[in-house]
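Summary of structural features
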Amino acid sequence: MPTVSVKRDLLFKALGRTYTDEEFDELCFEFGLELDEITSEKEIISKEQGNEKAEGASNIVLYKIDIPANRYDLLCLEGLVRGLQVFKERIKAPMYKRVMPNGEIQKLMITEETAKIRPYAVAAVLRNIKFTKDRYDSFIELQEKLHQNICRKRALVAIGTHDLDTLSGPFTYTAERPSDIKFKPLNKTKEYTACELMNIYKTDNHLKHYLHIIENKPLYPVIYDSNGVILSMPPIVNGNHSKITVNTKNVFIECTGTDFTKAKIVLDVIVTMFSEYCKNQFMVEAAEVVFPNGKSYTFPELAYRKEIVRADLINKKVGIRETPENIAKLLTRMCLKSEVIGDGNQIEIEIPPTRADIIHACDIVEDAAIAYGYNNIQMTLPKTYTIANQFPLNKLTELLRHDMAATGFTEVLTFALCSQEDIADKLGLDISATEAVHISNPKTAEFQVARTTLLPGLLKTIAANRKMPLPLKLFEISDIVVKDSSRDVGARNYRHLCAVYYNKNPGFEIIHGLLDRIMQLLNVPPGEKKGGYVIKASEGPAFFPGRCAEIFAKGQSIGKLGVLHPDVITKFELTMPCSSLEINIEPFL
């Protein structure tokens, strides 16, 4: 959850009254927030860097408040105060409006060169805004909070704010070779090319985390005004020419990114929070964005939408008995203007542009529960009595885990995702024969597919513990995943038990003895009669020729055991013989 730090005295001034720490903690809880810590700048520096570094730091009391990750409208003092004031019914939720300028509308032209880097952009203007030092700090802080949250560290969206009076529209958003981009970046005194900046910022504690987003691209995104002045090189840094200050009166806001929806949400949040300080409160000047295909859009959208939810649904889900009129009042306190319509049981809810978190009826139900007060909901016994019981497969797994440990084997837990190489090439199989479920956008080569066998995980664990005393005896009881077209998700899980023995000799007899012990525990007798188990000679690309057997129990094949092939052992960076056993335990339920 994101944490917002606000000055206590500034917060109380905006709220129009003071609270004790306990009272404000209770207010936060009522509103669905949590007062995490009461501290000061001096105390924070003292904890992190020592008392010497804290000398001269401010003693102003700070409230650190935990905010739900999807409540972007509460990530700054302005949104927090507005939300609390509406919640306490001291003010009504404002209506946000997009207005056209008196003169020519500001335009942002997007060129086709941006298509493969950051293809989307939105823009707006905050006209005649009045900053103070605290308001300015809050404005900058909100951008940083959004960057870390919904913007996913600028990978999805990057925000740029500029002093419009220093620029001349229309603006152009394009992409150029790094060597062709040269400008004076924010808080620098000389011009640098984009290549030079990327090298400089590699040692910058703040900006170095964003360089990877574009540094390997042949073209870098850049925004120019009509005079060729560079506004910004998103998502890295703004230009110093259009830097905003406390004295800035007109702010041009642009958001570029790879996610169009999130870019629009980010723009809506910024302008709704700070249009409060404009001469015409809560009115935002529109800007026009022209895409490469010639289509033109006007931003910000500031779209209101309406949802209809039945009052009896909210009562049932929350566990309360309130009239539709009272429920409408509760939702209105959460900045969701509501009224009863139709047959008297339907509630029409108007969702403002600040509440991008409301995407389903359950979100509205949650807000009704918060406004009602979780502590005010009466505890009731469920109408249906059930007796909880352990899932049979999990119970069997737990029993086997304890008995496997008693045989001297050590349990390990490995990743459910692995590389294609682990389950195919290293085991002598073709990836198409494994029926593996592939991850569509793997973040690393180590997590490309869901495992179809537990064996690679155990062998990699042995490879990481080769310096441990021999023998190494490991086991794991976990799920594997294979494709299954008969399932609605296209795949299904099987619970497997896998064990390996690693020593100077293969130890096939130890693995075979382990199988006998497992069957004894499962009350499965040897032999084919009466649902017993047998092993039959078999072959497998992962096993040494003539040293592999297939296990049959209850009339079906449940797995294999044998001595691993030297090629398999080598590919997993091992140097000694190894035997393994892997079976499906689900038939024994």
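All values reported here derive from a predicted model rather than from experimental measurement. (Residues numbered from 1 in each chain as written. Predicted model: local features only at pLDDT ≥ 70, side-chain atom pairs only at ≥ 80, totals over all residues. Heavy atoms only, no water.)

A word on the overall build of the chain. When you go through the chain residue by residue, the secondary structure sums to 15 helices and 28 strands. Compactness check: the chain gives a C-alpha radius of gyration of 32 Å against a globular reference of 25 Å for 589 residues, more than 25% above the reference. Taking the principal axes of the C-alpha coordinates as reference, the chain spans close to 90 × 65 × 60 Å. Within the chain, the fraction of its 589 residues that count as buried is 48%. Across the chain, contacts joining residues at least 24 apart in sequence account for 68% of those joining residues at least 6 apart. Accessible surface, the chain as shown: approximately 30,000 Å² in total, 50% of it carbon and sulfur. The average position of the 73 basic charges and that of the 76 acidic charges among the side chains of the chain differ by 1 Å. (Helix = DSSP H or I, 4+ residues; strand = E, 2+ residues; numbered from the N terminus. Rg over C-alpha atoms; globule rule 2.2 N^0.38 Å. Buried < 20%, exposed > 50% of the residue type's maximum accessible area, 1.4 Å probe, protein only. Contact = heavy atoms within 4.5 Å. Areas by Shrake-Rupley, 256 points an atom, 1.4 Å probe, with all protein chains shown as cover. Lys, Arg positive; Asp, Glu negative; His and termini not counted. Charge placed at Lys NZ, Arg CZ, Asp CG, Glu CD.)

We now examine the sheet that holds strand S2 (residues 34-40). Taking strand neighbours across the sheet as the criterion, the three strands line up as S1-S3-S2 in an open arrangement whose pairing is antiparallel. Only two strands of the sheet have a single partner each, and these edge strands are strand S1 (3-7) and S2. Taken pair by pair, the neighbouring strands of this sheet meet at an average axis angle of 25°, ignoring direction. Across the sheet, helix H1 (residues 8-15) is in contact with S1 and strand S3 (61-66); its angle to S1 comes to roughly 80°. (Pairing = 2+ DSSP bridges. Axes fitted to C-alpha atoms, helices over the stretch in contact; angles between N-to-C directions.)

This brings us to a negative patch on the surface. Taken together, the side chains of Glu22, Asp25, Glu26, Glu34 and Asp36 present a region of like negative charge at the surface. Those elements that place two or more of their residues in the negative patch are helix H2 (21-30) and S2. Broken down by element, the residue count for the negative patch peaks at three residues, all from H2. With respect to the element layout, glutamate 34 can be found in strand S2. The class for glutamate 34 is partly exposed, based on a relative accessible area of 46%. (Patch = residues over 30% accessible without salt bridge, like charges linked within 9 Å, V, L, I, M, F, W, Y side chains within 5 Å. Salt bridge = Lys/Arg side-chain N within 4 Å of Asp/Glu carboxyl O.)

For the rest of this paragraph, the subject is the sheet that holds strand S28 (residues 578-584). Strand order in the open sheet formed by seven strands is S20-S23-S24-S28-S27-S26-S25, and the pairing between neighbours is mixed. Where the open sheet ends on each side, the last strands, each with one partner, are strand S20 (410-411) and strand S25 (533-537). In this structure, S20 lies alongside strand S23 (residues 472-483), joined through two bridges in parallel fashion. Opposite threonine 410, over in S23, you have leucine 474 as the bridge partner.

Turning our eyes to something else, we now look at the UniProt feature "domain: B5" (unreviewed entry) in the chain. What UniProt calls "domain: B5" (unreviewed entry) maps, in this numbering, to residues 302-379. Across residues 302-379 one finds 37% helix and 22% strand; the C-alpha atoms that close the span lie 40 Å apart. (UniProt positions renumbered as here; feature names shortened; annotations may be inferred.)

Another aspect to go through is helix H11 (residues 392-406). Helix length check: H11, at 15 residues, gives a terminal C-alpha distance of 22 Å against a target of 21 Å (1.5 Å per residue), a fit within 8%. Buried residues of H11: Leu393, Leu396, Thr397, Leu400 and Met404, and no others. Looking straight down H11, one finds its buried side chains confined to an arc of 100°; they lie on one side. The outward face of H11, more than 90 degrees from its buried face, is lined by the exposed residues Leu399, His402 and Ala406. Along its buried surface, H11 packs onto S23, strand S24 (491-502) and helix H14 (508-521). (Expected span 1.5 Å × (residues − 1). Arc of directions from axis to C-beta.)

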